[in-house]
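Summary of the model geometry
In case you want the letters, here they are:
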Amino acid sequence: MTMTLGDLGNIGEFIGSVGVIVSLVYVGLQLKMTRQSERATSAWQSEKTWADLNWELTKEPALARLTAQLLNGESIEESETAQTNYFVRTVMQHAQSQYYLNKEGILPDEIWVPRLNWLRQFVSVPTVASIVANERTQKIFSEEFWVKIMEREEQFNIPVGRK
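About the criteria used
- Residues numbered from 1 in each chain as written.
- Predicted model: local features only at pLDDT ≥ 70, side-chain atom pairs only at ≥ 80, totals over all residues.
- Heavy atoms only, no water.
- Helix = DSSP H or I, 4+ residues; strand = E, 2+ residues; numbered from the N terminus.
- Rg over C-alpha atoms; globule rule 2.2 N^0.38 Å.
- Buried < 20%, exposed > 50% of the residue type's maximum accessible area, 1.4 Å probe, protein only.
- Contact = heavy atoms within 4.5 Å.
- Lys, Arg positive; Asp, Glu negative; His and termini not counted.
- Charge placed at Lys NZ, Arg CZ, Asp CG, Glu CD.
- Expected span 1.5 Å × (residues − 1).
- Core = buried A, V, L, I, M, F, W, Y, C linked by side-chain atoms within 4.5 Å.
- pLDDT = per-residue confidence, 0-100.
- Phe/Tyr/Trp six-rings, centres within 6.5 Å; stacked < 30°, edge-to-face > 60°.
- Patch = residues over 30% accessible without salt bridge, like charges linked within 9 Å, V, L, I, M, F, W, Y side chains within 5 Å.
- Areas by Shrake-Rupley, 256 points an atom, 1.4 Å probe, with all protein chains shown as cover.
- Salt bridge = Lys/Arg side-chain N within 4 Å of Asp/Glu carboxyl O.

Here we come to the overall build of the chain. Counting its secondary structure elements, the chain contains seven helices and zero strands. By the compact-globule yardstick of 15 Å for 163 residues, the chain is too spread out, its C-alpha radius of gyration being 26 Å. Considering only C-alpha atoms, the chain reaches an extent of 95 × 35 × 25 Å along its principal axes. Each of the 163 residues in the chain was classed as buried or not, and the buried ones make up 31%. Partitioning the intrachain contacts of the chain with sequence separation of at least 6 by distance along the chain shows that 70% fall at a separation of at least 24. A distance of 3 Å separates the average location of the 16 positive side-chain charges in the chain from that of its 20 negative side-chain charges.

Structure follows, in structure tokens:
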């Protein structure tokens, strides 16, 4: 049996097709591994961000005391108002970045959902709710983020300010 040039061409096409399929499978596996790595890195960075914030609170007793007062709904001295506002803004900035990571499927729900539930409780603290209402009017954060945080605003009675 002799092979014609057409037969050799068909064999070449078949081998090329197998090569393309193998390449596509390889790329698919690489994408899956990359996605898993992104999610793991995102989870680690998310937790590290909050841990760093908590660590800063342990290093400065006055800030730790102020935070405890804030979370317990106690009154804040007028001189501490700016520091309190920046603390709340920092918390919200961390949360917004994590919201978008979760929205894009990078930050796992196992990390985001407990953080979201905590955040909803945080913004229900009267002093925090007042600061958050002011932050919302300044358009520092996306409206999409506010909507997600405030989905249960009637449950927490959070003032949201005017759009």
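Summarising the element assignment, E80 is placed in the loop between α2 (61–71) and α3 (81–103). As a C-alpha pair, E80 and L63 span 17 residues in sequence and 9.4 Å in three-dimensional space. What E80 contacts, discounting residues up to four positions off in sequence, is R65, L66 and Q69.

To continue, consider the environment of L101. Among the structural elements, L101 can be located in helix α3. Spatially, the C-alpha atom of L101 lies 36 Å from that of E77, the residues being 24 residues apart in sequence. Contacts of L101, omitting those with residues within four sequence positions, involve S42, I106 and L107.

For helix α5 (residues 126–137), spanning twelve residues, the distance from its first C-alpha to its last is 17 Å, which sits close to the expected 16 Å at 1.5 Å a residue. Within α5 the residues assigned to the buried category are V128, A129, I131, V132, A133, E135 and R136. Check the buried side of α5 and you find it contacts α2, α3, α4 (109–122) and α6 (143–149). Where α5 terminates, the next one or two residues include K139, which has phi positive at roughly 60°.

Right, let's talk about the nonpolar core for a bit. In this structure, V88 and M92 are the most contacted members of the largest nonpolar core, which totals 29 residues. For this core, the secondary structure elements donating two or more residues are α1 (5–59), α2, α3, α4, α5 and α6. Counting residues per element, this core draws most heavily on α3, which supplies six residues. Residues in contact with M92, not counting those within four places in the same chain, are L119, V123, V132, F141, F145 and W146.

Detailed conclusions should not be drawn from predicted coordinates in areas where pLDDT is low. For the chain, the average pLDDT comes to 83, and 93% of its residues sit at 70 or higher. The secondary-structure element of the chain with the lowest mean pLDDT is helix α7 (residues 153–156), recorded at 44, while α4 shows the highest, at 92. Note on residues 153–163: pLDDT is under 50 here. Beyond four places in sequence and across chains, it has 21 contacts.

Our next topic: the packing of aromatic side chains. Across all of its chains, the model carries eight aromatic pairs by this definition. Each ring, one from Y99 and one from Y100, has its centre 4.8 Å from the other, and the planes form 70°; the classification is edge-to-face. Looking at Y100, the relative accessible area reads 26%, which means it is partly exposed. One aromatic cluster in this structure is built from Y99, Y100, W112, F141, F145 and W146.

With that settled, consider a nonpolar patch on the surface. Among the surface-exposed residues, M3, L5, L8, I11, F14, I15, V18 and V22 lie close enough to one another that they form a single nonpolar patch of about 830 Å² accessible area. Counting through the fold element by element, V22 comes out in helix α1.

The residue R89 is located in helix α3 in this model. If near-sequence neighbours (up to four positions away) are discounted, R89 is found in contact with E135, Q138, I140 and F141.

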